[in-house]
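Topology and contacts: notes
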Amino acid sequence: MTPDLFADTPPDWREALAPGAVVLRGYALDAVPELLAAIADVQRQAPPQHMETPGGRTMSVATSSCGALGWVTDRSGYRYSGVDPYTGLPWPPMPAAIREMGCAAALDAGYPDFIPDTCLINRYQPGARMGLHQDRNERDFTAPIVSISLGLPTAFLFGGAQRGDRTQRIPLAHGDVVVWGGPSRLFFHGVAPLKPGQHPLTGEARYNLTLRRAG
Ligand code: MD3
Ligand code: FE
């Protein structure tokens, strides 16, 4: 038998962030044209909106969704809905390019059975941010969440199971994919304000796609 010195060495594009959380650096780069076309197609049918939080504030991030369900917020709370409150129509179907990227990343991170039923599309323009929160509107926390970052870079704030736990700042760049499962699935997290800049493919914007099993 030939000893393989590298057999147990993880590839250098795979970084463990916390138990269950894996960053796949540059994982989506080859699929960027298809992913950006898919985002444009969804946003044409479900225009991004600055939704209102239950506390009455307007989100700085503009959101839309695709798939059987979409994440919505208004004065009555955060939840998933089968209907886009802006158009009154069902959400557009999830484009194959988005679903395939999400499933491939989940498989590579150890979740072969991930079947997403929604993808939330977050658009950040300079100054837009997301405060520290947990994602707990989904029914089944054993399914991971896959996030794909495109366009301008940002700092992702990643805490722990308690709101007061210290946060680490994780840079997320164009093409990075993160899979959040296991204990990290319910960790507090947020996004620092987007710094002004121009990205050659997205202009003054960062897009984040989060694929989830919500229903
Ligand atoms: C860690 N979005 O939409 S993606 C969100 O960049 C959200 O737009 C951020 O947080 C964004 O809810 C972060 C990364 C992410 C998504 C869900 C998570 C990280 C997570 C759920 C649990 C732990
Ligand atoms: Fe979140």
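A few points on the structure. (Residues numbered from 1 in each chain as written. Chains lettered and ligands numbered in written order. Predicted model: local features only at pLDDT ≥ 70, side-chain atom pairs only at ≥ 80, totals over all residues. Heavy atoms only, no water.)

A word on the pattern of salt bridges
For clarity, the cut-off: The working definition used for a salt bridge is a side-chain nitrogen of Lys or Arg within 4 Å of a carboxyl oxygen of Asp or Glu. Remark: exposure states derive from per-residue accessible area (1.4 Å probe, protein chains only) relative to the maximum for the residue type, with buried under 20%, exposed over 50%, and partly exposed in between. Strands are runs of DSSP state E lasting at least 2 residues, helices are runs of H or I lasting at least 4, and numbering of each runs from the N terminus.
Here the structure, examined in full by the defined rule, presents 8 salt bridges. Put simply, Asp-74 and Arg-79 hold a salt bridge, and the shortest N to O gap is 2.8 Å. A residue is classified by how much of its surface remains accessible, and Asp-74, at 27% relative accessible area, is partly exposed. For Arg-79, a relative accessible area of 32% corresponds to the partly exposed category. Residue Arg-185 is joined to Glu-138 by a salt bridge in which the shortest nitrogen-to-oxygen separation is 2.8 Å. Here the residue Arg-185 occupies a position in the loop between strand 11 (177-180) and strand 12 (189-191), and Glu-138 occupies one in the loop between strand 7 (130-133) and strand 8 (145-151), the gap between them amounting to 47 residues. Using a relative accessible area of 4% as the deciding quantity, one classes Arg-185 as buried. A single network of salt bridges, built from pairs that share partners, joins Asp-135, Glu-138, Arg-185 and Arg-212.

Structural notes on the sheet that holds strand 8
For the record, the criterion: We call two strands paired when DSSP finds no fewer than two bridges between them. In this analysis an axis means a line fitted to C-alpha atoms, helices contributing only their contacting stretch, and an angle means the value between N-to-C directions, from 0 to 180 degrees.
The strand order 1-2-11-8-13-6-3 describes an open sheet built from 7 strands, whose pairing is antiparallel. With partners counted over all chains shown, the strands left at the sheet margins are strand 1 (14-18) and strand 3 (62-67), one partner each. Taken over all neighbouring pairs, the strand axes of this sheet differ in orientation by 20° on average, direction set aside. Strand direction decides the pairing type here: strand 6 (residues 118-124) and strand 13 (residues 206-212), joined by 7 bridges, are antiparallel.

Remarks on the side chain of Asp-135
Note the cut-off: Identification of polar contacts relies on pairs of N or O atoms within 3.5 Å, with a donor-acceptor requirement for protein atoms, meaning one able to donate a hydrogen and the other able to accept it, and with residues adjacent in sequence counted only if both atoms are side-chain atoms. We call two residues in contact whenever any of their non-hydrogen atoms come within 4.5 Å of each other.
As for its position among the elements, Asp-135 is in the loop between strand 7 and strand 8. Side chain to side chain, Asp-135 and His-189 meet in a polar contact 3.0 Å long. A distance of 2.9 Å separates a polar atom in the side chain of Asp-135 from a polar atom in the side chain of Arg-212. Once residues within four sequence positions are removed from consideration, Asp-135 is found in contact with Phe-141, Ile-145, Arg-185, Leu-186, His-189 and Arg-212.

Describing the coordination of the iron ion (ligand 2)
Filter applied, for reference: Donors, by definition, are the N, O and S atoms found within 2.8 Å of a metal, the threshold being 3.2 Å for Na, K and Ca, and water is not counted, so a site can look incomplete.
Coordination of the iron ion (ligand 2) by the protein involves His-133 (NE2), Asp-135 (OD) and His-189 (NE2), with metal-donor separations of 2.0 to 2.2 Å. Within one chain, the residues donating to the iron ion (ligand 2) are spaced in sequence as H-x1-D-x53-H. For Asp-135, a relative accessible area of 9% gives the class buried.

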